[in-house]
Amino acid sequence: MQSTASVHRRGWSVLFAVLLGLAGLTAAAAAHAGDGYRLWLRYVPVHGVWLGRYRRSATELAASSPLSPTLRAARAELQRGLTGMLGKRVPSVRTVTANGAILFGTPHDSPLIRSLRLGLRAVGSQGYVIRTLTVLGHRTTVIAGNSDIGVLYGAFRYLRQIQTRRPIDALAIVSRPKIRHRILDFWDNLNGTVERGYAGDSIWKWDELPRYLSPRYIAFARACASIGINGVVLNNVNASPYILTPLYLEKVAALAGVLRPYGIRVYLSVPFSAPITVGRLKTADPLDPAVQAWWRKKVAEIYRDVPDFGGFLTKADSEGEPGPEQYGRTQAQGANLLARTLAPYGGIVMWRTFVYSTNPHSEDRVMQAYDIFKPLDGKFDQNVILQNKNGPLDFQPREPFNPLFGAMPKSNEMLELEITKEYLGQQTSFAYLGTLFEEALRADTWARGRGSTVARVIDGSLYGERQTGIAGVANIGSDRDWCGSIFNQSNWYAFGRLAWNPEASARTIAGQWVRMTFSNNPALLRPVVGMMMASREAVVDYMDPLGLASQMAAGTHFGPGPWVHPGPHMPPDWSSTYYSHANATGIGFDRTASGSDAIAQYAPHVAAKFASLKHCPEDLLLWFHHLPWTYRMPSGRTLWDSLVLHYVRGVDTVKWMRRTWLKLARYVDPYRFDMTADFLTLQVHNAQWWRDASIAYFQSISHLPLPPGVARPPDTLKAYEAFCIPYVEGTPGAGPACPPDDAPVPR
Ligand code: GCW
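What you see is a predicted model; the values in this text were computed from it and never measured. Throughout this document, residue positions are counted from 1 along each chain, in the order its sequence is written. Local features are withheld for residues below a pLDDT of 70 in this predicted model, meaning they are given only at 70 or higher, and side-chain atom pairs are given and counted only at 80 or more; totals for whole chains, interfaces and linings count all residues. Each side-chain value is derived from all of the structure's non-hydrogen atoms; neither hydrogens nor water enter the calculation.

Close to the ligand lie 15 residues; Glu-195, Lys-315, Lys-389, Asp-394 and Glu-422 are nearest. Counting of polar contacts relies on pairs of N or O atoms within 3.5 Å, with two restrictions inside protein: one atom must be capable of donating a hydrogen and the other of accepting it, and residues adjacent in sequence are counted only when both atoms are side-chain atoms. Within the side chain of Arg-352, a nitrogen or oxygen atom sits 2.7 Å from an oxygen atom of the ligand. The side chain of Glu-422 places a nitrogen or oxygen atom 2.5 Å from an oxygen atom of the ligand. For every accessible area listed, the method is Shrake-Rupley and the probe measures 1.4 Å; residues are considered covered only by the protein chains on display. In the complex, 97% of the free accessible area of the ligand, which totals 340 Å², lies under the protein chains. Asp, Glu, Lys and Arg are counted as charged, while Ala, Val, Leu, Ile, Met, Phe, Trp, Tyr, Cys and Pro are counted as nonpolar; the rest, among them Gly, fall into the polar class. When grouped by side-chain class, the residues that make up the shell around the ligand number 4 nonpolar, 3 polar and 8 charged. One heavy atom within 4 Å of a molecule or strand makes the whole residue count as near it.

This is the structure we're talking about:
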């Protein structure tokens with residue numbers, strides 16, 4: 001927006017606190033109680049050493065034209081943040097003062113910014129520059145971008161600097177997102193439930209929309225903008241056709257309106273069969289002209305009300321969802337059908353590669369997607385992005401990287417991560433996923449030699465794609481604390497930060513999150529970051545050590561179920577025994593040339609590493625190899641002993657996390673302290689249950705004694721097997737069939 005801004009001076013003062021120094025924080029932390037609603041944007045007062053005097057001559061810039069909604073959001077955030085942290089109301093002006101003056105805007109709306117040499121060319125359309133300069137004789141912090149949203153991102157970045165007690169007196173920050181589409185996928189149903197959601201009902205109140213717009217939407221949008229998330233898929237990939245009806249599209253438009261100032265575009269999951277279910281056609285065949293015309297009309301209808309609509313996400317030919325396959329068409333023909341209707345408006349299709357058959361005779365489950373998609377490389381339109389889960393299976397606590405990454409040089413590929421902890425203990429378990437996300441991003445595909453990391457595949461630097469993306473399955477619901485626990489918030493946070501910069505460090509991100517969420521006091525910071533960094537590996541240890549996967553209970557995916565085996569209602573690749581292949585000879589899935597040869601889907605260097613017993617990473621050993629129980633590990637122990645000791649270590653780590661937390665009571669307000677302490681107590685119990693049940697089951701097959709000093713499971717295998725939980729939050733349908741008899745409850 002071009003405007004002729006007038007520049008005038010006005011004297012006023014703001015108390016300036018210097019943000020170094022950590023003294024006196026103990027009391028402050030305890031004083032600032034929280035229930036988690038404010039996430040990492042708490043803006044608690046800064047207690048530090050005074051440095052400056054009152055500054056009496058800050059510069060105010062009054063734009064002659066009104067600020068855009070996004071710049072107004074930036075101003076409001078600066079006011080909220082600085083008022084909270086500096087403890088004084090900051091007047092409502094374009095330029096606020098903290099360390100001298102703050103000047104924010106774009107070269108388009110501010111002649112003053114235009115007149116400065118800020119190096120904005122380097123930050124693209126979404127990045128920002130923050131610099132300390134002398135402007136009109138005043139020491140000024142300039143927060144500028146080429147677009148309004150860049151300025152908003154910069155404002156959050158500046159506030160983070162203060163929140164994390166970093167110096168702000170000589171700033172020279174230049175930042176731009178490496179990935180273009182940074183998206184949260186909501187698996188939210190239109191009836192308010194959330195598939196694999198463990199934080200209450202959906203935050204989208206479809207019944208109230210479009211007339212009532214909950215203030216939570218804005219709080220949500222601020223949190224997303226603070227970490228650079230710029231897209232939201234509103235509904236479950238197992239999509240209801242109603243989402244495409246006028247009734248719901250009006251609601252979608254209302255949400256798009258609320259989220260727009262925060263740079264968040266809305267996207268929809270669509271069922272491939274919509275031309276039949278909504279359009280009353282006889283077919284959804286992508287090559288049928290009537291089907292194509294129906295989608296064109298529908299898309300035009302959407303863009304009429306949502307001009308910046310982002311596009312579609314699709315789950316096709318997967319787990320019962322309809323797709324092109326039933327018409328004898330390829331995944332590319334299906335994706336291009338939608339892509340061509342969206343292309344005139346600049347919309348994209350995120351086409352999931354999570355496609356597989358549950359037919360008992362189908363090939364190794366983890367190989368199917370590659371075999372379906374790899375031959376189609378080059379057949380997808382430019383506005384299609386193939387959305388791959390991080391691993392080839394399904395969001396397990398640990399998987400190797402998905403071999404599709406790097407294998408599709410002529411196609412756009414994006415990464416899908418699961419922020420909600422479907423397979424990692426759900427809402428109460430303490431598992432920081434920054435480390436899992438980092439591991440997924442840093443995995444080296446070797447597609448173009450060393451350094452061809454997944455991060456470089458998805459940020460477009462490996463093959464030069466322009467449509468780049470990353471998606472995280474959201475863990476957000478209507479719980480007061482948004483995520484079902486305080487520490488689950490860190491996973492939303494880490495996802496956003498890694499989406500902005502996939503090469504960032506999970507440890508650094510954890511530290512910043514702790515500082516903003518709890519306190520900058522090193523007495524809290526160090527141990528809590530230590531807990532976070534150890535937490536995911538602890539879960540791997542007590543659930544799926546050494547490369548095991550999918551050993552959980554059926555349906556709910558909560559609690560152990562290594563005995564779950566194929567049956568009339570249990571396809572082999574939904575069972576646990578399919579993955580462990582535990583039998584009298586040993587344990588593990590042989591994916592070498594002597595087995596399914598899934599290893600051959602990786603680039604030769606990687607394949608050779610995984611195939612070699614000497615070089616295969618120990619934490620993926622049983623993913624790729626079936627080995628005798630008595631196999632000698634590099635440690636000198638047998639495989640059996642190592643397996644058992646991993647379960648034990650997992651429990652011990654959780655106990656250590658709990659002990660560590662219990663020492664921190666005086667640094668955390670009681671609500672957040674107690675909740676975390678109680679959840680850790682619960683997790684010790686759950687970890688022990690996993691350990692005992694898993695050891696009992698595998699020992700019934702290995703028939704080997706436990707290593708010296710390891711306690712026997714207190715119950716019989718029968719008791720563990722009989723224990724059945726019929727319902728957990730977020731499980732679609734009625735859950736597993738638990739016979740309502742007097743089955744024993746294990747100790
Ligand atoms: O992991 C599985 C989940 C399903 C989910 C599916 C998918 C949305 O158990 O609940 O369905 O993945 O990613 O499509």
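Resuming the write-up.
Residue Leu-209 is joined to Pro-210 through a cis peptide bond whose omega torsion reads 0 degrees. Relative to the assigned elements, Pro-210 resides in the loop between strand E8 (181–185) and helix H5 (215–226). In this structure, Leu-39 is a non-glycine residue whose phi angle is positive, near 50 degrees. In this fold, Leu-39 is placed in the loop between helix H1 (25–31) and strand E2 (59–62). One non-glycine residue, Asp-317, lies in the positive phi region at around 50 degrees. Starting at the N terminus, helices and strands are each numbered in turn, a helix being any DSSP run of H or I of at least four residues and a strand any DSSP run of E of at least two.

One side-chain nitrogen of Lys or Arg within 4 Å of one carboxyl oxygen of Asp or Glu is enough to make a salt bridge. Evaluation of the coordinates by the stated rule reveals 22 salt bridges. Across the salt bridge formed by Glu-422 and Arg-196, the nearest N and O atoms sit 3.1 Å from each other. Separated by 226 residues along the polypeptide, Glu-422 in the loop between strand E14 (412–418) and helix H11 (434–442) and Arg-196 in the loop between E8 and H5 bring together distant segments of the chain. The burial state of Glu-422 is the same as that of Arg-196; both residues are buried. Asp-619 is the salt-bridge partner of Arg-398, the closest N and O atoms lying 3.6 Å from each other. Separated by 221 residues along the polypeptide, Arg-398 in the loop between strand E13 (384–389) and E14 and Asp-619 in the loop between helix H17 (604–611) and helix H18 (621–624) bring together distant segments of the chain. With a 1.4 Å probe rolled over the protein chains alone, any residue whose accessible area is under 20% of its type maximum counts as buried; one over 50% counts as exposed, and the rest are partly exposed. Using a relative accessible area of 31% as the deciding quantity, one classes Asp-619 as partly exposed. What you see here is one network of salt bridges that share partners, running through Arg-398, Glu-439, Arg-536, Glu-537 and Asp-619.

A word on the confidence of the model for the protein chain. The predicted structure's coordinates, where accompanied by low pLDDT, should not be read in detail. Confidence of the predictor at the level of single residues is given by pLDDT, which spans 0 to 100. Residues with a pLDDT of 70 or more make up 91% of the protein chain, whose mean pLDDT is 91. Pairs of residues are marked as contacts when any of their non-hydrogen atoms sit within 4.5 Å. Predicted confidence for residues 1–31 stays below pLDDT 50, and this span has 87 contacts to residues more than four positions away or in other chains. Throughout residues 49–64 the model reports pLDDT below 50, and contacts reaching past four residues in sequence, or to other chains, amount to 45 contacts.

To continue, consider the sheet that holds strand E10 (residues 265–269). Judged by pairing direction, the barrel is parallel, and its 8 strands sit side by side in the order E8-E9-E10-E11-E12-E13-E14-E15 before closing back on the first. Neighbouring strand axes in the sheet, compared pairwise and without regard to direction, differ in orientation by 25 degrees on average. Strands were regarded as paired on the criterion that DSSP finds at least two bridges between them. Summarising the sheet, E8 and strand E15 (residues 469–473) pair through 5 bridges and their orientation is parallel. In the sheet register, Leu-184 faces E15, and the bridge partner there is Gly-472. Throughout, an axis means a line fitted to C-alpha atoms (over the contacting stretch in the case of helices), and angles, computed between N-to-C directions, take values from 0 to 180 degrees.

The subject of this paragraph is the packing of helix H15 (residues 522–543) against helix H19 (residues 639–662). In contact at an axis separation of 8 Å, H15 and H19 are set at 155 degrees when each is read in the N-to-C sense. Classified by the interaxial angle, the pair formed by H15 and H19 is roughly antiparallel. Between H15 and H19 the crossing geometry is left-handed. Within the contact between the two elements, H15 uses Pro-527, Val-528, Gly-530, Met-531, Ala-534, Ser-535, Ala-538, Asp-541, Tyr-542 and Met-543 and H19 uses His-646, Tyr-647, Arg-649, Gly-650, Val-651, Thr-653, Val-654, Trp-656, Met-657, Thr-660 and Trp-661. By residue class, the composition of the contact of H15 with H19 is 13 nonpolar, 6 polar and 2 charged. Every angle not falling under 35 degrees, over 145, or within 65 to 115 is termed oblique; those three ranges are roughly parallel, roughly antiparallel and roughly perpendicular. Left-handed is the label given to a crossing in which the near helix is rotated counterclockwise from the far helix by less than a right angle, and right-handed is the label when the rotation is clockwise.

For the rest of this paragraph, the subject is the packing of aromatic side chains. Working definition: a ring pair exists when centres of Phe, Tyr or Trp rings (six-membered ring for Trp) sit within 6.5 Å. Plane angles under 30 degrees give stacked, over 60 give edge-to-face, the rest tilted. For the structure shown, the criterion picks out 39 aromatic pairs. Considering the side-chain rings of Trp-629 and Phe-698, the 6.5 Å spacing of their centres and the 50 degrees angle between planes classify their relative orientation as tilted. Of this pair, Trp-629 sits in the loop between H18 and H19 while Phe-698 sits in helix H20 (residues 670–702), and the two are 69 residues apart along the sequence. As far as burial versus exposure is concerned, Trp-629 and Phe-698 are alike and both buried. Following the ring pairs from residue to residue traces out a cluster consisting of Tyr-37, Trp-40, Phe-186, Trp-204, Tyr-217, Phe-220, Trp-482, Trp-492 and Tyr-493. Its end group placed over the ring of Tyr-356, Arg-365 keeps NZ or CZ at 3.5 Å from the ring centre. Here, a charge over a ring means that NZ of Lys or CZ of Arg falls within 6 Å of the ring centre while also lying within 35 degrees of the ring normal. Taking the ring centre of Phe-354 as reference, the NZ or CZ of Lys-389 above it sits at 3.3 Å.

Let us now look at the layout of surface pockets. A cavity, in this analysis, means grid points on a 1 Å lattice covering only the protein atoms where a 1.4 Å probe fits yet has no way out; a pocket is instead an open set bounded by protein on both sides within 12 Å along at least five of seven lines, and a residue lines either one if it has an atom within 4 Å of a point. Grid points are joined across faces, edges and corners, and a volume is the space filled by probe spheres set on the points. Approximately 720 Å³ is the volume attributed to the second largest pocket. Lining the second largest pocket are 33 residues; nearest its centre among them are Ser-125, Gln-126, Arg-180, Arg-182 and Asn-230. Of all elements in the fold, only helix H4 (148–163), E8 and E10 reach the threshold of two or more residues within the lining of the second largest pocket. Looking at the lining of the second largest pocket, the element that brings in the most residues is H4, giving 3 residues. Split into classes, the residues belonging to the lining of the second largest pocket amount to 9 nonpolar, 13 polar and 11 charged.

A separate point is the environment of Ala-239. One can find Ala-239 in the loop between strand E9 (231–233) and helix H6 (246–259). In this structure the C-alpha to C-alpha distance between Ala-239 and Glu-321, which are 82 residues apart in sequence, comes to 8.5 Å. In this structure Ala-239 touches Ser-269, Val-270, Pro-271 and Glu-321, once residues within four positions along its chain are discounted.

Attention now moves to the pairing of E10. With respect to burial, E10 is a largely interior element, 4 of its 5 residues being buried. As a crossover connection, the stretch from E9 through H6 into E10 is right-handed. The pairing of E10 with strand E11 (residues 311–314) spans 3 bridges and is classified as parallel. What sits directly across from Tyr-267, in E11, is Gly-311. A clockwise path from the first strand over the helix to the second, with the strands pointing away from the viewer, defines a right-handed crossover.

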